[in-house]
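# Inside the fold
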Amino acid sequence: MARRSRCKRKGSHNLKMYRSRVAGWGSYLPERVVTNRDLAEFVDTSDNWIVDRTGIQQRHIAATGEYTSDLATRAAERALESAGVDASDVDLIVVATATPDQTFPATAVKVQADLGVSRGAAFDVQAVCTGFVYALAVADNFIRLGQAECALVIGAETFSRILDWSDRSTCVLFGDGAGALVMRASEAKPGTNSPGVLSTHLHADGTKRGFLYVDGGPSTTQTTGHLRMSGREVFRHAVGLLAAAVDEALEANGLEPDDIDWLVPHQANKRIIDATAKKLGMPEDKIVYTIDRHANTSAASIPLALAQAAEDGRIQRGHLILIEGMGGGFTWGSAVIRW
Ligand code: ACO
């Protein structure tokens, strides 16, 4: 989405009746924790190498028979509870995932059924590690247009299922988990002080899809395939694209980095997060990090980080939150939320 068209939309925000507001949050991590030392028992790697290059110390791995929809449903239940919202009020479920239970139907409809909801729309969004930003933008647009009143926006992944566990350059980087937000329609007020999603900006550049992909799929190999990545290329592009996405979000809202209470980045790699923050002059104590404990949970990483920081009291009502992410495609984007 080009900034120019976004600015036009921004100008018309004041005419809209609704804004989507964060009503609740929840997260879920599978019980099993795998440390770097555990990995070093079957892959040629070390705790030092992984910590130095990525900041990752451990990751959670889903149990046999535990699926992406199970993680998503647990996170959604917690988000509904925190919002004090009954599942029957939900009229939109958007699940961001690159590791769906099945090719179809969407993981979102399984979550819908597991929550006992049988009305409204439910579908998946696939933008890999930017998936949650895309899903939030979709739900926000539904709500602002009056097409939904109460949305569950979920990021959920079981990346452990698409890793090549003999490839040390990728298998050490990822983990499983889920995070969810309940977004409710609230009356839109002009300016950046009233609660809700203030802006979303989405981007993609398909010419870069060969740097990070899965080498299988229903239409090509009829297999699930494994994740493949040119780590250096991803790193090289990530810092510039993410810093630009953050700049774009700030500029669209007339904000300075100092105005932001919390930067909640996609948790790919501590070095990427730190380099992006440095470019923006954002101090480390305003950044939510979960990469050390969760590793990279792709579309789940941002909502997991949001939910955990809200639960432990760092993120509070009225705070200004900036989320940003980048992933396979490449896709990238950002959103500004008054919590
Ligand atoms: N343990 C020990 N050694 C390793 C490991 C490992 N797990 N993985 C690779 N190595 C070795 C390589 O074999 C290589 O050895 P060699 O010099 O003998 O050939 C050496 O370490 C250096 O390998 P590089 O790939 O050049 O290492 P680099 O410094 O680039 O770090 C990393 C690799 C961490 C993947 C880095 O490129 C990176 O952070 N890239 C970003 C990728 C990323 O975050 N992807 C997440 C998905 S995308 C997203 O979410 C935005």
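Notes on the structure in this doc start here. What you see is a predicted model; the values in this text were computed from it and never measured. (Residues numbered from 1 in each chain as written. Predicted model: local features only at pLDDT ≥ 70, side-chain atom pairs only at ≥ 80, totals over all residues. Heavy atoms only, no water.)

### Considering the sheet that holds strand 5 (residues 121–125)
The strand order across the open sheet built from 5 strands is 1-7-6-4-5, with neighbouring strands paired in mixed fashion. Unpaired on one side and paired on the other, strand 1 (18–28) and strand 5 mark the two borders of the sheet. The average undirected angle you get between the axes of adjacent strands in this sheet is 20°. Those strands touched by helix 4 (residues 68–83) are strand 1, strand 6 (150–158) and strand 7 (176–187), and its axis lies near 120° from that of strand 1. Running at roughly 165° to strand 6, helix 6 (residues 131–144) makes contact with strand 1, strand 4 (92–96), strand 5, strand 6 and strand 7 of the sheet. (Pairing = 2+ DSSP bridges. Helix = DSSP H or I, 4+ residues; strand = E, 2+ residues; numbered from the N terminus. Axes fitted to C-alpha atoms, helices over the stretch in contact; angles between N-to-C directions. Contact = heavy atoms within 4.5 Å.)

### Quick word on the site of the ligand
Near the ligand, the surroundings consist of 23 residues, among which Thr45, Arg53, Arg168, His266 and Asn269 are the closest. Here a nitrogen atom of the ligand sits 2.7 Å away from a polar atom, N or O, in the side chain of threonine 45. A distance of 2.9 Å is found between a nitrogen atom of the ligand and a backbone nitrogen or oxygen belonging to glycine 231. Considered on its own, the ligand offers 1000 Å² of accessible surface; in the complex 75% of this is hidden by protein. Among the cavities detected, the one that contains the ligand is the second largest pocket. Broken down by element, the residue count for the shell around the ligand peaks at 4 residues, all from helix 8 (residues 231–253). Each residue belonging to the shell around the ligand can be placed in one class, and the counts come to 11 nonpolar, 7 polar and 5 charged. Here the shell around the ligand spans two domains, and each of domain 1 (6–187) and domain 2 (196–338) adds at least three residues to it. (Near = heavy atom within 4 Å. Polar contact = N/O pair within 3.5 Å; in protein donor to acceptor, adjacent residues only side chain to side chain. Areas by Shrake-Rupley, 256 points an atom, 1.4 Å probe, with all protein chains shown as cover. 1 Å grid on protein atoms, 1.4 Å probe; cavity = no way out; pocket = protein on both sides within 12 Å on 5 of 7 lines; lining within 4 Å. Sits in = over half its atoms within 2 Å of the grid points. Nonpolar A, V, L, I, M, F, W, Y, C, P; charged D, E, K, R; others polar. Domains from an automatic or database assignment.)

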